[in-house]
Amino acid sequence: MAKQKTKFCCQECGYDSPKWLGKCPGCQAWNTFVEEIETISKTQMTHSSLLHTKEKAVSIINIKSGEEQRILTGNKELNRVLGGGLVPGSLLLVGGDPGIGKSTLLLQTSHDLTQVGKKVLYVSGEESIRQTKLRADRLNASSEMLYVLCETNLEQIEEAIAEVQPDFLVIDSIQTVYHPAVTSAPGSVSQVRECTGHFMRISKIKGIATVLVGHVTKEGAIAGPRMLEHMVDCVLYFEGERHHSYRLLRAVKNRFGSTNEIGIFEMRETGLVEVSNPSELFLSERPLGVAGSTVVASMEGTRPVLVELQALVSSTNFPSPRRMATGIDHNRLALIIAVLEKRMGMFLQNQDAYVNVAGGIKLDEPAVDLAIAVSIASSLRDQPTQPFDVVFGEVGLTGEVRGVSRVDQRVREAEKLGFRRVIVPEKSLKGWTPPSGIEIIGVNTVSEALKAALG
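A brief report on the enclosed structure follows. Predicted model, so just to flag it, every value in this text is computed and none were measured.

Our next topic: the sheet that holds strand 13 (residues 293-300). Here we have seven strands laid out as an open sheet, ordered 15-16-14-13-17-20-21, and mixed in their pairing. Two strands in the sheet have a free side with no partner beyond their single neighbour: strand 15 (323-326) and strand 21 (439-443). Along the sheet, successive strands turn relative to each other by an average axial angle of 25°, direction set aside. Pairing of strand 17 (residues 389-391) with strand 20 (residues 421-425) involves three bridges; the strand directions are parallel. Across the sheet, the residue bridging to Val391 is Ile423, located in strand 20.

Rendered as structure tokens:
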């Protein structure tokens, strides 16, 4: 006979408790415990033969090494983020805000894989087959090798996998799938954990590249227990502003590649289009000869991206001036303003400061510090920077400019787009040969950088 046990489970981190608690001891969240009935039976303990294998321990010396064979998706930006393509038998988790384009990206990827002879099974728990067909017609993504299933029962999905034998599997989304042996509601911690474990075993045993679509919380993190991200091989976040057509695909975990890569897409009526030259796109609307506008070269993984950084400094009528930042860390902005006040003698205590990264992109590396300082000084003095200058470097608390990595790639990207001068840290000029078509100015302090940029 099956045994039933009542427990309370935190919907944020998966912490179990025999009684209800107002505050979770695991993640310190309030009012996240939900009552669940756990049924333990012999049928639950014994899974289907699909998930049973007999593996023996093997000496690591006898294991043949070699690169994983990857499946090219037909999308260069997605291949870049994945580290060169899909790995058979891998389990991927894709998260993002509602309506950002997760289903569009995966449906386009599924169609691209069918063009190279791969069989794809697209399981949708949120849309009907007719809705998926309408989306595929709009994206021109119809193929005989693309199979669509509208199902949320895990056992029925397993039967469809055994029947179709796909090379690529999409589950949209994991929060809608439920296991009949687990009595809690779909989307709960127990269901998500159990279903993800099943798909992980299926992908590893049968060598199917599997993608799980995950919902996100209001804070932007993937919903469900944190253990969900530990179970999968790769975690991708699909980011973007609703008022911009650009989308960023960022890897925060990747067992088969780098976690520093990003892919840039543009949302159009016909679907997502990859952006091959994002620097030219972000600088297409840049005004020339305007105070507070500076171009910075930022590294997104192995790719240099040139973006416009804008600053506006204006007098305030409040006792405490406002410091607002869009696209950069707010604390970093406050730190750079403090350096300008203490080391450069700029009086900013009665000035509001607003900093924005044009294009909706987010910059989180320290190399943008110097460009922020130059933009704020330019707006405060109402003195525009040179329109064909690029600035980058890390600013220290004593006003020094520290070296940054991959300087040669940043400079070559600036030269390719027609810029004439680059203001870089002096310490970063060693170990590489600058191109002849662009002027390199090395600086050691913020004072030298402002003198070179503003005169």
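Among soluble globular proteins, nonpolar side chains are generally buried collectively. Core analysis: the largest hydrophobic core is formed by 60 residues, its most contacted members being Ile376, Val390 and Phe392. In terms of residues, this core owes the most to one element, helix 10 (residues 369-381), which gives seven residues. Residues in contact with Ile376, not counting those within four places in the same chain, are Ala311, Val313, Leu333, Ile337, Leu340, Leu348 and Val355. Of all hydrophobic cores here, the second largest spans 30 residues; its members include Ile71, Val81, Ala141 and Val211.

This paragraph deals with the packing of helix 5 (residues 154-164) against helix 6 (residues 189-206). Following both chains from N to C, one finds helix 5 and helix 6 inclined at 15°, their axes separated by 11 Å at the closest point. By the angle between their axes, helix 5 is roughly parallel relative to helix 6. Crossing geometry of helix 5 relative to helix 6 is assigned as right-handed. Residue-level inspection shows Leu154, Ile157, Glu158 and Ile161 of helix 5 in contact with helix 6, the latter providing Cys195, His198, Phe199 and Ile202. The residue makeup of the contact of helix 5 with helix 6, split by class, is six nonpolar, one polar and one charged.

The subject of this paragraph is a nonpolar patch on the surface. On the surface, a nonpolar cluster with roughly 470 Å² of combined accessible area is contributed by Val58, Ile60, Ile61 and Ile63. Note on placement: Ile63 falls in the loop between helix 1 (42-45) and helix 2 (76-82).

We now examine unusual backbone geometry. Peptide bonds are mostly trans, and most non-glycine residues show a negative phi. A cis amide bond links Asp172 to the next residue, Ser173, at an omega of 5°. A positive phi angle is found at Gln165, which is not glycine, with a value near 55°. Among the secondary structure elements, Gln165 is positioned in the loop between helix 5 and strand 7 (168-172).

This paragraph deals with the packing of aromatic side chains. All told, the structure shown has three aromatic pairs when counted by the stated rule. Aromatic pair Tyr15 and Phe33: ring centres 6.4 Å apart, planes at 90°, arrangement edge-to-face. Placement of the pair is Tyr15 in the loop between strand 1 (3-10) and strand 2 (16-17) and Phe33 in strand 3 (residues 33-40), with a sequence separation of 18 residues. Assessed through its relative accessible area of 36%, Tyr15 is described here as partly exposed.

About the cut-offs
Residues numbered from 1 in each chain as written. Predicted model: local features only at pLDDT ≥ 70, side-chain atom pairs only at ≥ 80, totals over all residues. Heavy atoms only, no water. Pairing = 2+ DSSP bridges. Helix = DSSP H or I, 4+ residues; strand = E, 2+ residues; numbered from the N terminus. Axes fitted to C-alpha atoms, helices over the stretch in contact; angles between N-to-C directions. Core = buried A, V, L, I, M, F, W, Y, C linked by side-chain atoms within 4.5 Å. Buried < 20%, exposed > 50% of the residue type's maximum accessible area, 1.4 Å probe, protein only. Contact = heavy atoms within 4.5 Å. Parallel < 35°, antiparallel > 145°, perpendicular 65-115°, else oblique. Left-handed = near helix turned anticlockwise from the far one by under 90°. Nonpolar A, V, L, I, M, F, W, Y, C, P; charged D, E, K, R; others polar. Patch = residues over 30% accessible without salt bridge, like charges linked within 9 Å, V, L, I, M, F, W, Y side chains within 5 Å. Areas by Shrake-Rupley, 256 points an atom, 1.4 Å probe, with all protein chains shown as cover. Salt bridge = Lys/Arg side-chain N within 4 Å of Asp/Glu carboxyl O. Phe/Tyr/Trp six-rings, centres within 6.5 Å; stacked < 30°, edge-to-face > 60°.

Function cannot be inferred from these measures alone, as they are strictly geometric.
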